[in-house]
2 protein chains.
Amino acid sequence: MRILPWLFDGRIRHGSLSMTGPDGRTRTFAGPEPGPGVGIRIKDPSLDRNLLLNPELRLAEAYMDGTLEITAGSLGDFLTLYWLNSREMLRNPVFAGWSRLLRATQGLLQRNSVFRARRNAAHHYDIGNDLYRLFLDDDMQYSCAYFPTGRETLEQAQLAKKRHIAAKLVLRPGQRVLDIGCGWGGMAIYLAQVADVEVLGITLAEEQLRLARERAQAAGVADRVRFELLDYRGVEGEFDRIVSVGMFEHVGRDDFGTFFAALRDRMAPDGVALLHSILAMDPGIYSSPFIRKYIFPGGYVPRPSEALSAVEGAGLWLLDFEVWRRHYAFTLREWERRFLKNRERARALLDERFCRMWELYLAGFQRSFEMGSLAVMQLQFGRRRDAVPLTRDYLDREVRRLVAQESEAAA
Amino acid sequence: MRILPWLFDGRIRHGSLSMTGPDGRTRTFAGPEPGPGVGIRIKDPSLDRNLLLNPELRLAEAYMDGTLEITAGSLGDFLTLYWLNSREMLRNPVFAGWSRLLRATQGLLQRNSVFRARRNAAHHYDIGNDLYRLFLDDDMQYSCAYFPTGRETLEQAQLAKKRHIAAKLVLRPGQRVLDIGCGWGGMAIYLAQVADVEVLGITLAEEQLRLARERAQAAGVADRVRFELLDYRGVEGEFDRIVSVGMFEHVGRDDFGTFFAALRDRMAPDGVALLHSILAMDPGIYSSPFIRKYIFPGGYVPRPSEALSAVEGAGLWLLDFEVWRRHYAFTLREWERRFLKNRERARALLDERFCRMWELYLAGFQRSFEMGSLAVMQLQFGRRRDAVPLTRDYLDREVRRLVAQESEAAA
């Protein structure tokens, strides 16, 4: 084993890393700064030379295959160690070269046709609803929750998120609402429960569609909440409000203009839209090759400036731009905890390799929101500058109104 | 007179325009849509052929020189008519060509060296404090005020603006604050009155510096509020808080990166900055040649995406982005009203041509905020993602604290 030690040699300034090779020999690298102490064992001799071709991906795949084992500390510790020392690691010419290549190619040749968008969505969201039930909250909200104090339960925080978004939509009786990327229908059903509005929720995942329709029926709002298997480019009609939560990440950079133009075209003249999406603050960041290949093919996390450039280009008015930092780290920590608690059931549904892949995804993303440059943005925009009141003071009033409506709906 | 009628012929769809030439002949263009009825008289026969070279600038100069008179309606009506019909006007090949040229050249070759920045600032701000007293509020706030209801007096709205900004700075005792583009010192003095902080205010205009120093003395805060004649690139030391209100518009597009890098370098690791600036929502907008030549040489109004791109490039964290629409229209309406009330005194200070230029500036900008794509942004950013609390709820608490401090300071 020669490549792996060489990749880390002299790069660990925070914490320590011990690596044991297939031959049983151990090398340890330790830095002067505090950080986790992690041990890994490599069981497959072929990993070493493969590392030269995309080291991050190879290490991730070795973890998935079980040929890279964590022998001291946790997977989370290993990822934390990686982040803490990432600046040093990037001085290694192989890491440096691959990071440059990954940065240069991300978002390229990524035009997500309706067909390709459907395939990408199925890849992730049609894994099976039973899997998602194992780590999401009761309402199956698969996006960043809102933790005003950081001490909320996941259920409380997801409700707070829905309420926060509904407040920004300033719902009024009789309005038509479009929910792009409706997931399992939780947001659409909530909006219909707290306001006398009609909602059309669209998704590209059949599993989501099926469950969303069942849930609308069960909640007694099926007369006002419809769900369709539809691409955002295929929607017809005019909507007073448009909401899209955690879907823009799948649009792909080449289609940002198409996306905002579609929203503008579907929006009533005094309409309001709320887009909730992950952002990457650092223009030099690249999405992990593991995430690209295994988790979100076709996805692209926008820089704030890229999203705004598309808003401007569509002739829309930006009305508000909120930034949630850390909230997704809290959310992912809870998803990870629940997933690990239900790991045996996940393994029965899928397999060990899937579970290891999912652990890596949840733990890795969590660190990107804690230590990397990911955060969440809520962009509110409309066709007119006065689609919402003069100041943001109305948001508090809307929240209070929604809380009252929630109690009424529950009674 | 042939060019002027040709420019407007068939372009007036809203309202009506009558134009009387030097020979006394009148032509009238009227559209089917509602809009103001305006009459103008041209007194200088040479205007007509000059119109081919930059028509917007020539018309503005003719108004300044008094060779274009408004004979029916007001200057504001004329500008409103212009805005209402601007889309049609741009179909005239001369207007279309000039608008394309003005759009292509704006922000180019605009590198504002320290020397040039100083000269630009002197051009506008050293006209004389007596002039600014004629139309600004008591505190001489020369930037957009905050009108929560739209019915505030200018004095109330400017106080609300200072308070709103102070809340976003989350001031704590002992902090060092830098105010870039401090004007006549109102913001710096306010911050020192409501919080136990030290403030350094910098300006490039000697007239502002002189008065700001006098006012700090008079307010009894001169021990904690210093003012210097200094470029943002010349500041030394570290600051916990940085505020810049209505100055970024002078930076120039070529120096956006320099500006945010300077702020980052002057900011403490857990520092917070608040930038208040005009934005242009429409990427195709161009700044009026009149404004460029007579009012704000070297200035450039950023698109939101351009400002954010510079924030990202400097490695800073965007923490919040608020958009004020219409507030500047309210502010400018009140400045215009006060200026017109004091017009005789302004004419005694300067001259008739200056007064007509200033009227055009105030009335024209007002329409850009009412009908064009200008608005105001407040960008809050820092070096760390958690430089401010998890949610925006702290802002209300800060505002209440500030109101209490204001009463205490007044007592």
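Now for a description of the structure that goes with this document. Owing to the predicted nature of the structure, the values given are computational and were not obtained by experimental measurement.

Comments concerning the overall build of chain A
Scanning chain A for helices and strands turns up 18 helices and eleven strands. Here the C-alpha radius of gyration of chain A, 22 Å, is about what a compact globule of 411 residues would show, namely 22 Å. Overall, the C-alpha framework of chain A stretches about 70 × 45 × 40 Å when taken along its three principal axes. Across the 411 residues of chain A, 59% fall into the buried class. When the accessible surface of chain A is summed, it comes to about 16200 Å², and 49% of that surface belongs to carbon and sulfur atoms.

Structural notes on the interface of chain B and chain A
If you look at the interface, chain B gives 45 residues, while chain A gives 45 residues. Both sides together, the interface formed by chain B and chain A hides about 3500 Å², and carbon and sulfur atoms give 52% of it. The interface formed by chain B and chain A holds six salt bridges in total. Across the pair Arg326 of chain A and Asp386 of chain B runs a salt bridge, and its minimum N-O distance is 2.7 Å. Summed over the shared surface of chain B and chain A, the number is 23 residue pairs in polar contact (both at pLDDT 80 or more). Within the residue set of the side of chain B that touches chain A, elements represented by two or more residues are α14 (304-313), β10 (317-324), α15 (327-341), α17 (352-370), β11 (374-382) and α18 (394-410) of chain B. Counted by class, the side of chain B that touches chain A contains 22 nonpolar, ten polar and 13 charged residues. Bridge count between strand β10 (residues 317-324) of chain A and β10 of chain B: three bridges; the pairing is antiparallel. Along β10 of chain B, the bridge assignment pairs Asp320 of chain A with Glu322 of chain B.

Some thoughts on the packing of aromatic side chains
Per the stated rule, a full pass over the model turns up 64 aromatic pairs over all chains. Ring centres 6.1 Å apart and planes at 80 degrees place the aromatic pair Tyr82 of chain B and Phe95 of chain B in the edge-to-face group. Highlighted residues: Tyr82 of chain B in helix α4 (residues 75-84) and Phe95 of chain B in helix α6 (residues 93-105), separated in sequence by 13 residues. Positioned above the aromatic ring of Phe239 of chain A, the side-chain terminus of Arg176 of chain A is 4.5 Å from the ring centre.

A closer look at the sheet that holds strand β2 (residues 26-30) of chain B
Residue and element names in this part refer to chain B. The strand order across the open sheet formed by four strands is β2-β1-β3-β4, and the pairing between neighbours is mixed. With partners counted over all chains shown, the strands left at the sheet margins are β2 and β4 (68-72), one partner each. Pairwise comparison of adjacent strand axes, ignoring direction, gives a mean angle of 25 degrees for this sheet. In the sheet, strand β3 (residues 33-42) pairs with β4 via four bridges, with the strands oriented antiparallel. Each bridged residue has a counterpart across the sheet, and for Ile40 the counterpart in β4 is Ile70. α4 contacts β1 (14-20), β3 and β4 of the sheet and is inclined by roughly 120 degrees relative to β3.

Quick word on the sheet that holds strand β2 (residues 26-30) of chain A
All names here are of chain A. Taken together, four strands build an open sheet; the order of strands is β2-β1-β3-β4 and the sheet is mixed. The sheet terminates laterally at β2 and β4 (68-72), the two strands that pair on one side only. Strand-to-strand twist in this sheet, taken as the mean axis angle between neighbours without regard to direction, amounts to 25 degrees. Relative to β2, strand β1 (residues 14-20) is paired through five bridges, and the arrangement is antiparallel. By the bridge assignment, Ser18 is partnered in β2 with Thr28.

Section: the relation of the copies chain B and chain A
Take chain B, turn it by 180 degrees, move it 0.0 Å along the axis, and it overlays chain A with an RMSD of 0.0 Å. Each copy turns onto its partner about a two-fold axis. Residues of chain B ranked by C-alpha distance from the rotation axis are headed by Ser305 of chain B, positioned 2.2 Å from it. Take the interface residues of chain B: 100% of them recur as interface residues in chain A, which is what a same-surface contact looks like.

Description of the environment of Asp48 of chain A
Residue and element names in this part refer to chain A. Mapped onto the elements, Asp48 comes out in helix α2 (residues 47-50). Residue classification places Asp48 among the buried positions, given a relative accessible area of 12%. C-alpha separation for the pair Asp48 and Arg2, spaced 46 residues apart in sequence, amounts to 6.9 Å. Dropping the residues within four chain positions of it, Asp48 is found in contact with Met1, Arg2, Ile3, Leu4 and Pro5. Of the polar contacts made by the side chain of Asp48, one reaches the backbone nitrogen of Ile3; its length is 2.8 Å.

Section: the environment of Tyr328 of chain B
Residues and elements named next belong to chain B. With respect to the secondary-structure elements, Tyr328 resides in helix α15. When the C-alpha atoms of Tyr328 and Phe369 are compared, they prove to be 6.4 Å apart, with 41 residues separating the residues in sequence. Among all residues touching Tyr328, those that are not within four sequence positions of it are Tyr142, Ser143, Cys144, Ile278, Trp335, Phe369 and Val376.

Some words on unusual backbone geometry
Note: most residues except glycine have negative phi, and most peptide bonds are trans. For Asn54 of chain A, which is not glycine, the phi dihedral falls at a positive 65 degrees. Mapped onto the elements of the fold, Asn54 of chain A is located in the loop between α2 and α3 (55-65).

Things to note about the nonpolar core
In terms of nonpolar packing, the biggest core is built from 140 residues, with Phe260, Phe321 and Leu379 of chain A together with Phe260, Phe321 and Leu379 of chain B touching the most fellow members. Excluding anything up to four places from it in sequence, Leu379 of chain B contacts Phe260, Ala273, Leu274, Leu275, Ala307, Leu308, Val311, Leu318, Asp320 and Phe321 of chain B. By size, the runner-up hydrophobic cluster in this structure holds 77 residues, among which are Tyr63, Phe135, Leu211 and Phe296 of chain B.

Side note on α17 of chain B
Residue and element names in this part refer to chain B. Over its 19 residues, α17 extends 27 Å from the first C-alpha to the last, a length consistent with the 27 Å expected when each residue adds 1.5 Å. In terms of burial, α17 is a largely internal element, 16 of the 19 residues being buried. Among the residues of α17, the N-terminal cap falls to Asp351, whose side-chain oxygen and the backbone nitrogen of Arg353 are separated by 3.3 Å.

Procedures and definitions
- For every chain, the first residue of the written sequence is number 1, and numbering continues from 1 onward in sequence order.
- Chain letters and ligand numbers both follow the written order, the letters beginning at A and the numbers at 1.
- Local features in this predicted model are restricted to residues whose pLDDT is 70 or higher, and side-chain atom pairs enter the listing and the counts only when it is 80 or higher, whereas totals over whole chains, interfaces and linings include all residues.
- Neither water nor hydrogens contribute to the side-chain values; these are computed over all heavy atoms in the structure.
- To qualify as a helix, a DSSP run of H or I must reach at least 4 residues; to qualify as a strand, a run of E must reach at least 2; elements of each kind are numbered from the N terminus.
- Only C-alpha atoms enter the radius of gyration; for comparison, a globular chain is expected to reach 2.2 Å times N to the power 0.38, where N is the number of residues.
- The buried label applies to any residue whose accessible area, calculated with a 1.4 Å probe on protein chains only, is under 20% of its type's maximum; exposed applies above 50%, and partly exposed to all values in between.
- Per-residue accessibility takes into account occlusion by the displayed protein chains alone, with areas from the Shrake-Rupley method and a 1.4 Å probe.
- Residues are treated as being in contact if the distance between any of their heavy atoms lies within 4.5 Å.
- Here the quantity called buried area is the accessible surface, traced with a 1.4 Å probe, that two parts lose on coming together, added over both.
- Salt-bridge detection follows one rule: a side-chain nitrogen of Lys or Arg within 4 Å of a carboxyl oxygen of Asp or Glu.
- Pairing of N or O atoms within 3.5 Å defines a polar contact, subject to two protein rules: one partner must be a possible hydrogen donor and the other a possible acceptor, and residues neighboring in sequence count only if both atoms are side-chain atoms.
- Side-chain classes follow a simple rule in which Ala, Val, Leu, Ile, Met, Phe, Trp, Tyr, Cys and Pro form the nonpolar group, Asp, Glu, Lys and Arg form the charged group, and the remainder, Gly included, forms the polar group.
- DSSP calls a pair of strands paired once it identifies at least 2 bridges connecting them.
- Stacked, tilted and edge-to-face are the three classes assigned to paired rings of Phe, Tyr and Trp, where Trp is represented by its six-membered ring and a pair needs centres within 6.5 Å; plane angles under 30 degrees give stacked, over 60 edge-to-face, the rest tilted.
- In this scheme, Lys NZ or Arg CZ marks a charge over a ring once it lies within 6 Å of the ring centre and within 35 degrees of the ring normal.
- Where helices are involved, their axes are fitted lines through C-alpha atoms of the stretch in contact, as for all axes, and angles between N-to-C directions lie from 0 to 180°.
- Overlaid copies result from least-squares superposition on C-alpha atoms, with residues included only where pLDDT is at least 70 in both.
- Nonpolar cores were defined as sets of buried Ala, Val, Leu, Ile, Met, Phe, Trp, Tyr and Cys residues, with membership established by side-chain atoms within 4.5 Å.
- Helix span, expected: 1.5 Å multiplied by one less than the number of residues in the helix.

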